[in-house]
Amino acid sequence: VAALLYSSVGHGGASGYLAAMALFGVSASLMKPAALTMNIVVAGLVFARLWRAGFFKARLFWPFALGSIPLAFLGGAIQLHERTYQYLVAVALFVAAWRLLLASHEPPTRAAPHPGVALPVGAGLGFVSGLTGVGGGIFLSPLLLFLRWANMRTTAAVSAAFILINSIAGLAGLITTGAALPQGLSWMVLAALGGAIVGSELAVRRLAPVRLRQLLG
């Protein structure tokens, strides 16, 4: 369900997966690898659909991505104390909820940001993404819309690509520490993929309306 709903707005669903795992008392050591793995599958599918539909803008994406990839790898390799990780994820989830509760609109766009702005912003978002497992799109998309760097569908496409590369880098950094993927992850991935197939169709045909975004929040 999380994958279906989040992919319909161009996201990988990590904040939904993390919230569900936290509510069910899943260990912090399992939350991050599970969320990152499901993010890769869902965001990859969403990005592929939006890219084929012509909504992706590489010129807008790459400066953010180049800044984020090494920092996402570094963040993924950092193993926090379980309670510290839980507090950090709580903050990330509050930010995600705030972003989704805001009424979305279609602003007139302007020129893409200078690389001197996009690189450090991407680096900061990448580090938080790797550290928590959220992917970063939930933070990047409101920034793109608020500063009028992209319309809603381009924002969804760029955010999906950003989530994909950050999740890959974060998971790679985590694996270098010797962390193991949780048992039963293949079933989680299959469930997320099933939801993403439907949600990505909604993202391409008709982005989720404001009410659905608020419900997610």
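Just so it is clear, the model here is predicted, and its values are computed rather than measured. (Residues numbered from 1 in each chain as written. Predicted model: local features only at pLDDT ≥ 70, side-chain atom pairs only at ≥ 80, totals over all residues. Heavy atoms only, no water.)

A.B. asks: Would you mind showing me how to read the overall build of the protein chain here?
C.D. replies: In terms of helices and strands, the protein chain carries 10 helices and 0 strands. Its helices and strands in sequence order give the protein chain the pattern α-α-α-α-α-α-α-α-α-α, from N to C terminus. Dimensions along the principal axes, computed over C-alpha positions, put the protein chain at roughly 45 × 35 × 30 Å. Counting every position in the protein chain, which comprises 217 residues, the buried fraction comes to 50%. The long-range share in the protein chain, meaning contacts at least 24 apart out of those at least 6 apart in sequence, stands at 86%. Carbon and sulfur atoms make up 70% of the accessible area of the protein chain, which totals about 9900 Å². (Helix = DSSP H or I, 4+ residues; strand = E, 2+ residues; numbered from the N terminus. Buried < 20%, exposed > 50% of the residue type's maximum accessible area, 1.4 Å probe, protein only. Contact = heavy atoms within 4.5 Å. Areas by Shrake-Rupley, 256 points an atom, 1.4 Å probe, with all protein chains shown as cover.)

A.B. asks: Is there a simple way to explain unusual backbone geometry in this structure?
C.D. replies: As a rule of thumb, non-glycine residues mostly have phi less than zero, and peptide bonds are mostly trans rather than cis. The residue Arg148 is not glycine, and still its phi comes out positive at about 60°. In this structure, Arg148 sits in the loop between helix H7 (137-146) and helix H8 (152-176). A relative accessible area of 31% places Arg148 in the partly exposed class.

A.B. asks: How should the packing of aromatic side chains be read in this particular structure?
C.D. replies: How two aromatic rings sit relative to each other is given by the distance of their centres and the angle of their planes. Applying the stated criterion across every chain yields a total of 4 aromatic pairs. Ring centres of Phe64 and Trp149 lie 6.1 Å apart, and the angle between their planes is 50°; this geometry places the pair in the tilted category. Here the residue Phe64 occupies a position in helix H4 (residues 58-77), and Trp149 occupies one in the loop between H7 and H8, the gap between them amounting to 85 residues. We classify Trp149 as buried; its relative accessible area is 13%. Aromatic ring contacts, followed pair by pair, group Phe47, Phe56, Phe61 and Trp62 into a single cluster. (Phe/Tyr/Trp six-rings, centres within 6.5 Å; stacked < 30°, edge-to-face > 60°.)

A.B. asks: Help me understand the environment of Leu145, please; the structure alone is not making it clear to me.
C.D. replies: By the element assignment, Leu145 lies in helix H7. The exposure class of Leu145 is buried, given its relative accessible area of 11%. For Leu145 and Thr109, which are 36 residues apart along the polypeptide, the C-alpha to C-alpha distance reads 8.4 Å.

A.B. asks: What is the right way to look at a nonpolar patch on the surface in this model?
C.D. replies: Residues Trp187, Leu190, Leu193, Ile197, Val198 and Leu202 make up a contiguous nonpolar surface patch of roughly 600 Å² in combined accessible area. By the element assignment, Leu202 lies in helix H9 (residues 185-205). Classification of Leu202 as partly exposed rests on a relative accessible area of 37%. (Patch = residues over 30% accessible without salt bridge, like charges linked within 9 Å, V, L, I, M, F, W, Y side chains within 5 Å. Salt bridge = Lys/Arg side-chain N within 4 Å of Asp/Glu carboxyl O.)

A.B. asks: How should the environment of Asn166 be read in this particular structure?
C.D. replies: Within the secondary structure layout, Asn166 lies in helix H8. When its relative accessible area of 0% is taken as the criterion, Asn166 is described as buried. Once the C-alpha coordinates of Asn166 and Ala65 are considered, the two residues, 101 residues apart in sequence, prove to be 8.0 Å apart. Other than its neighbours up to four places away in sequence, Asn166 contacts Ser68, Ile69, Ala72, Gly126, Ser129 and Gly135. Within the structure, Asn166 has its side chain in polar contact with the backbone oxygen of Gly135 (distance 3.3 Å). (Polar contact = N/O pair within 3.5 Å; in protein donor to acceptor, adjacent residues only side chain to side chain.)

A.B. asks: It is not clear to me how the packing of helix H3 (residues 28-52) against H8 should be interpreted in this structure. Could you clarify?
C.D. replies: The description of two packed helices rests on the angle between their axes and on the distance between the axes. Taken N-terminus to C-terminus, the directions of H3 and H8 make an angle of 145°; their axes are 8 Å apart at the nearest point. The way H3 lies across H8 gives a crossing that is left-handed. On H8, the residues that touch Lys32, Pro33, Leu36, Thr37, Asn39, Ile40, Ala43, Gly44, Val46, Phe47 and Leu50 of H3 are Ala156, Ala157, Ala160, Ala161, Ile163, Leu164, Ser167, Ile168, Gly170, Leu171 and Leu174. Along the lines of polarity and charge, the residues of the contact of H3 with H8 split into 16 nonpolar, 5 polar and 1 charged. (Axes fitted to C-alpha atoms, helices over the stretch in contact; angles between N-to-C directions. Left-handed = near helix turned anticlockwise from the far one by under 90°. Nonpolar A, V, L, I, M, F, W, Y, C, P; charged D, E, K, R; others polar.)

A.B. asks: Just checking my understanding: could you explain the side chain of Thr37 for this structure?
C.D. replies: Along the polypeptide, Thr37 turns up in helix H3. Overall, the relative accessible area of 13% leaves Thr37 in the buried class. Within the structure, Thr37 has its side chain in polar contact with the backbone oxygen of Pro33 (distance 2.7 Å). For Thr37, the residues in contact, after removing those within four places along its chain, are Leu171, Leu181, Leu185 and Val189.

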